[in-house]
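# Observations on chain architecture
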Amino acid sequence: MAAHDVTPATYDCTTDEDKDDFIISEALTILQHRLNKGPLLSNPQDVGNYLTLTAPSAAREEFRAVWLDAQHRLIRVETLAVGTINQAAVYPREVVRAALDAQAVSVIVTHNHPSGALEASNGDRQLTERLKQALALIDVRLLDHIITVSYTHLRAHETRGNL
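Residues numbered from 1 in each chain as written. Predicted model: local features only at pLDDT ≥ 70, side-chain atom pairs only at ≥ 80, totals over all residues. Heavy atoms only, no water.

### A word on the packing of helix α3 (residues 92-102) against helix α4 (residues 122-136)
Let me state the cut-off plainly: Convention adopted: a line fitted to C-alpha atoms gives each axis, helices being fitted over their contacting stretch, and angles between N-to-C directions are expressed from 0 to 180 degrees. Strands are runs of DSSP state E lasting at least 2 residues, helices are runs of H or I lasting at least 4, and numbering of each runs from the N terminus. These descriptions rest on fixed angle ranges, namely under 35 degrees for roughly parallel, over 145 for roughly antiparallel, 65 to 115 for roughly perpendicular, and the rest for oblique. Handedness of a crossing is defined here by the sense of rotation of the near helix relative to the far one, left-handed for an anticlockwise turn of less than a right angle and right-handed for a clockwise turn. Residue contacts are counted whenever heavy atoms from the two residues lie within 4.5 Å of one another. In this classification, the charged set is Asp, Glu, Lys and Arg, the nonpolar set is Ala, Val, Leu, Ile, Met, Phe, Trp, Tyr, Cys and Pro, and all remaining amino acids, among them Gly, are polar.
Here α3 crosses α4 at 45°, and the two axes come no closer than 9 Å. With respect to α4, the axis of α3 lies oblique. Judged by the sense of rotation from one axis to the other, the crossing of α3 with α4 is right-handed. Between α3 and α4, the residues in contact are Pro92, Val95, Val96 and Ala99 and Arg130, Leu131, Ala134 and Leu135, respectively. Partitioned by chemical class, the residues of the contact of α3 with α4 number 7 nonpolar, no polar and 1 charged.

### Overview of the nonpolar core
We count it as follows: What we call a nonpolar core is a set of buried Ala, Val, Leu, Ile, Met, Phe, Trp, Tyr and Cys residues that are connected through their side-chain atoms within 4.5 Å. Only protein chains enter the accessibility calculation, which uses a 1.4 Å probe; a residue whose area is less than 20% of its type maximum is buried, one above 50% is exposed, and one in between is partly exposed.
Counting residues in each nonpolar core, the largest one holds 20 residues, and the members touching the most others are Phe63, Trp67, Val95, Val107, Leu131 and Leu135. Looking at this core, the elements that each hand over two or more residues are β1 (62-68), α3, β3 (106-112) and α4. No other element matches α3, which puts 5 residues into this core. If sequence neighbours within four positions are ignored, Leu135 has contacts with Val95, Val96, Ala99, Val107, Val140 and Leu142. Counting 9 residues, the second-largest nonpolar core is a separate cluster that includes Val47, Tyr50, Leu51 and Val66.

### Digging into the pairing of strand β2 (residues 74-82)
Convention followed: When DSSP finds at least two bridges between two strands, those strands are taken to pair.
Across 7 bridges, the pairing between β1 and β2 is antiparallel. When the sheet's bridge partners are listed, Arg64 is paired in β2 with Thr79.

### Examining the environment of Ala120
Along the chain, Ala120 turns up in the loop between β3 and α4. Residue Ala120 is classed as buried on the basis of its relative accessible area, which comes to 13%. In the structure, Ala120 is positioned 25 residues away from His145 in sequence and 9.6 Å away in space, judged by C-alpha atoms.

### A few points about unusual backbone geometry
At His72, a position not held by glycine, the phi torsion is positive, near 65°. In this fold, His72 is placed in the loop between β1 and β2. Even without a glycine there, the phi angle at Asp139 is positive, about 60°. Locating Asp139 in the fold gives a position in the loop between α4 and β4 (141-149).

### Describing the pairing of β1
Taken across its 7 residues, β1 has 7 buried, putting it largely inside the fold. Judged by which residues are buried, β1 turns out to be covered on both faces: Glu62, Arg64, Val66 and Leu68 on one side and Phe63, Ala65 and Trp67 on the other are all buried. Connecting β1 to the next strand, β2, in antiparallel fashion are 5 residues, including His72 with a positive phi near 65°. By the bridge criterion, 6 bridges tie β1 to β3 in an arrangement that is antiparallel. The residue bridging Phe63 from the neighbouring strand is His111, located in β3.

Read these as spatial facts, not as claims about activity.
Rendered as structure tokens:
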């Protein structure tokens, strides 16, 4: 067994793309194991990596929520909005409703940028603040807002300090 307690798999890849797909699949398995093993936020880098690897590769923006319990364990990952190439309509009241439905104590929100821009727009920053305020009214803490692009990500925490 490997150091991460995941049984290594064997593969029969005929192309570089097959090999890449296999490696990505194995990386997702390892990250999922880490996330299920203990508190989700014991390693924020693992969370960012997992969200990056599972980010939609579609040509449309998708806004997702990672709902967490009181010990920061994963409840579920939920897509809350699907938009166009450069925006998704996210309504704070719908996010609040989903938080109540998940019985979450905290949340990490994430969305992809199909345009490839790894930078938070003014709209992204305004949405983060509105969500933080709306969720605070029901005692749900917004921990981070992660933007994903291809195989990398940008955490709001890294650019502006703690939420």
